[in-house]
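# Tertiary structure, described
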Amino acid sequence: MQTLVLDNGSFAIKCGYAEDPASLRTIPNSVMRTKRSKRMYIGDLIDATTDLSGLYYRSPFERGYLVHWDVELAVWDRVISGDVLACTPSETNLVLTEPVNNLHQIQRSLDEIVFEEYQFASLVRAPASRFSMLTASDLIYNGKLLPQCVLVVDVGHAFTHIVPYCNQRQIIQGIRRVDVGGRLLTNYLKETVSFRYWDMMDETFIMNIVKEKCCFVSQDFKRDIEATRGCIGRRKGNSSLGLEYVLPDFTTNNKHGFVLDDQSDISDSQLLPLCNERFAIPEALFYPMDVGIEQAGIHQAVEQAINACPLEMHRLLFANIIVTGGSANMPGLSERLQSEIQKLTAYKARVFMSSDPMFQAWQGACKAAAEGVGDWRLTKGQYEEMGAERAILHYITKVWNAITGQELVSLMHDNIVKSADFAGSNELVATGGQDKSVRIFDVNRPDKPTIVASHTAPVRSVKWTQHRNMIISADNSRHINIIDVRAPSVAHTLETPENIASISLTADGKTLACAAGKRVLAWDIDSFKLVKDFNVDYEVSVAAINPTRTRMVVGGKSDLLIRCCNFDTGKQIDAHKGHHGSVHDACFSPDGQVYATGSEDGTVRLWQANPGSEYGLWQYRHI
């Protein structure tokens, strides 16, 4: 089945089949009406006319968000028509870009249109910055390695977004937006030349072309502004930066205009002189205050975004900055951005940009489609089963074959799932989450779960004991419930002195460990007797005990340290650092030689319980 990749920008749609790069097309994402003939043109049909003066635009986007569906449907109909891509939606998978932090109501409308209006077989939607991030390996390491941390600067038509990624996951607290994009720069250029030379306020189409052909980013603004003092195009002043743009006469020979050179025939032509406008307009990206926007420039926003991320990521993020987006295609932008960022940090700053950043997100989406998009994909069957509201947030627990990676079953929920665990037989799965209940699924009959409304707060963790008839669940407050699966009901409740962060069981299932506030507690499962209660001087995110009950691993919530402690005394033996985010899970191997930790940075790390010994992955060849 073919895959259609649709980079749905607010100015232009970049579309084509992932399997055929030659199919890539660029379609204006708007409906246009001519000033004289009053005719309407959808998308690329505007190329059929020479009447480009005073075009009236109607865009499906308002302030960067898709709200005018009548316009978007008209453009999408054109895209999938036989004149453009000849797409049969029911036989096509769709990969679609959306704005960063898109609104749920818009996402719901989008899903309804894709599956109910067009009947696409499946949908993958993600911000353009996420797809652009996947091309970082090509830009930075020639396709050999995807960097662990990447910062994407997406200079779009409506906004500029700065989005940090670690292990292909967005770092939400680091996202920044600057309200300067291609549309503002075009309007700024229109107003400037209309005040100085010709009235171009109605010529958005032409002035956008002038901006793309003539503007560049200065590397030294003060030097260039002095060099162009008194300059008016090529006719007045002695600056090499001055030029003149031949405005179109709207004939087949000169529809868009061109930059005047010595060989040009300019008889009966109108000339638009340009000098410091060429670099003063893009300067708004770095100093939005120049156009009345009280925000930081993109270089300052990059620094703010990185400083909002964990300290361990800073060096990598400064070193792996990629610039993408249709409005980024101005000479000198990446060099100036790197120079400005370097002034703000002691780390080495590196900025990368492809030869055509406009198509970078489309290329990244094709790469994602070729390599498999995993749980990003929502099939039409899943949409019909879950409904529009649940499809937005994907309230699903997926079960895979651990050897082949094949997806076996999807377990549907009504709210966000926080935890899942197998019974010993691997046929039963227990889950818990925001709906404050524990669900018990038979993977052979996933449509009929047993629901135990066992908590008054969202469930944080669920563990199946060695006895198939007992489940331990902990909520966000201070309660741990022992659930008798046979009833099914709560058989016993344990209470903690502080709010619970996580729970874990020893490999033999006989001891329960709990991280709660600044305390680590342990209970004997058979008697439910509290056997250990340690007070520490830091917030604990996770605790796990080895099979022999001689050591325990404790994860810090804010300092990101993994501490190995004596289980009898609570005294710290060793400490490790490697994660870039809070640790949310930990467990020992059955023999206690290795323990694993899982973090919100998207990584699972393995540690030796006895560093220096030869075991498993730590086998050494003696010479």
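Everything in this summary refers to the structure shown in the same document. Source: prediction; values computed, not measured. One numbering rule holds for all chains: residues counted from 1, following each sequence as written. Side-chain atom pairs in this predicted model are given and counted only at pLDDT of 80 or more, local residue features only at pLDDT of at least 70, and totals for whole chains, interfaces and linings cover all residues. Here the side-chain values reflect all heavy atoms present in the structure, with hydrogen atoms and water set aside.

## A word on the sheet that holds strand β5 (residues 40–42)
Strand pairing is assigned whenever DSSP detects at least two bridges linking the two strands. Under the scheme used here, helices are H or I runs from DSSP no shorter than 4 residues and strands are E runs no shorter than 2 residues, and both carry numbers assigned from the N terminus. The strand order β5-β4-β6 describes an open sheet built from three strands, whose pairing is antiparallel. Of all strands in the sheet, those bounded by a partner on one side alone are β5 and β6 (56–58). Shown here is a sheet whose adjacent strand axes are inclined to one another by a mean of 25°, direction ignored. With three bridges connecting them, strand β4 (residues 31–33) and β5 associate as antiparallel partners. From the neighbouring strand, R33 faces β5, where its bridge partner is M40. In this description, contact between two residues means that some pair of their heavy atoms is separated by no more than 4.5 Å. Working convention: axes come from line fits to C-alpha atoms, limited for helices to the stretch in contact. Angles between N-to-C directions cover 0 to 180 degrees. Running at roughly 65° to β5, helix α1 (residues 69–80) makes contact with β4, β5 and β6 of the sheet.

## Looking at the pattern of salt bridges
Salt bridge, as used here: a side-chain nitrogen of Lys or Arg that lies within 4 Å of a carboxyl oxygen of Asp or Glu. Inspection of the entire model under this criterion finds 24 salt bridges. With a closest N to O distance of 2.6 Å, E277 and R196 form a salt bridge. Residue E277 is found in helix α8 (residues 277–280), and its partner R196 is found in helix α5 (residues 182–196); the two are separated by 81 residues along the sequence. Connected through salt bridges with shared partners, the residues R25, D44, R78 and D83 form a single ionic network.

## Focus on unusual backbone geometry
At the junction of A487 and P488, the peptide bond is cis and its omega measures out at -20° in the coordinates. Take P488: it is sitting in the loop between β29 (479–484) and β30 (489–495). Phi at K436 takes a positive value of approximately 70°, unusual for a residue other than glycine. By the secondary structure assignment, K436 is in the loop between β24 (428–433) and β25 (438–442). A positive phi angle, close to 55°, is found at F528, a residue other than glycine. Mapped onto the elements, F528 comes out in the loop between β33 (519–524) and β34 (529–535). When a residue's accessible area, from a 1.4 Å probe over protein chains only, is under 20% of the maximum for its type it is buried; when over 50% it is exposed; and in between it is partly exposed. Judged by its relative accessible area of 23%, F528 falls in the partly exposed class.

## Section: the packing of α1 against helix α2 (residues 104–117)
Running from N to C, α1 and α2 cross one another at 40°; their axes reach a closest spacing of 13 Å. Between α1 and α2, the angle is such that the two are oblique. Judged by the sense of rotation from one axis to the other, the crossing of α1 with α2 is right-handed. The residues of α2 that touch α1, namely those facing W69, L73 and W76, are I106, S109, L110, I113 and E117. Polar here means any residue other than Ala, Val, Leu, Ile, Met, Phe, Trp, Tyr, Cys and Pro, which are nonpolar, and Asp, Glu, Lys and Arg, which are charged; Gly is therefore polar. Of the residues that constitute the contact of α1 with α2, the class distribution is six nonpolar, one polar and one charged. In what follows, roughly perpendicular refers to angles from 65 to 115 degrees, roughly parallel to angles under 35, roughly antiparallel to angles over 145, and oblique to any angle outside these ranges. Definitions for this section: a left-handed crossing has its near helix turned counterclockwise from the far helix by less than a right angle. A right-handed crossing has that turn clockwise.

## Things to note about α2
Its 14 residues give α2 an end-to-end C-alpha distance of 19 Å, which sits within 8% of 20 Å, the value for a rise of 1.5 Å per residue. Of the positions making up α2, those classed as buried are I106, Q107, S109, L110, D111, I113, V114 and F115. Count one or two residues on from α2 and you reach Q119, which has phi positive near 65°. To estimate the expected span of a helix, count its residues, drop one, and scale the result by 1.5 Å.

## Focus on the packing of helix α9 (residues 298–307) against helix α11 (residues 333–342)
One can describe the packing of α9 onto α11 by two numbers: an axis separation of 9 Å at closest approach and a directional angle of 55°. As the angle between them shows, α9 and α11 are arranged oblique. Between α9 and α11 lies a crossing of right-handed hand. Residue-level inspection shows I298, H299 and V302 of α9 in contact with α11, the latter providing L333, L337, E340 and I341. Broken down by class, the residue content of the contact of α9 with α11 amounts to five nonpolar, one polar and one charged.

## Observations regarding the packing of aromatic side chains
Whether two aromatic rings pair depends on their centres lying within 6.5 Å, for rings of Phe, Tyr and Trp, where Trp uses its six-membered ring; planes under 30 degrees apart make the pair stacked, over 60 edge-to-face, and the rest tilted. One pass over the structure, following the stated rule, counts eight aromatic pairs. Here Y118 and F120 contribute two aromatic rings whose centre-to-centre distance is 6.1 Å and whose plane-to-plane angle is 50°, an arrangement assigned as tilted. On the basis of relative accessible area, Y118 is assigned to the buried category, the value being 9%. Taking the relative accessible area as the measure of exposure, F120 reaches 4% and is therefore buried. Seen from their ring centres, F588 and Y595 are 5.4 Å apart, and the 55° between their planes marks the pair as tilted. Here a set of aromatic residues connected by ring pairs shows up, and it is made of W69, W76, Y118 and F120.

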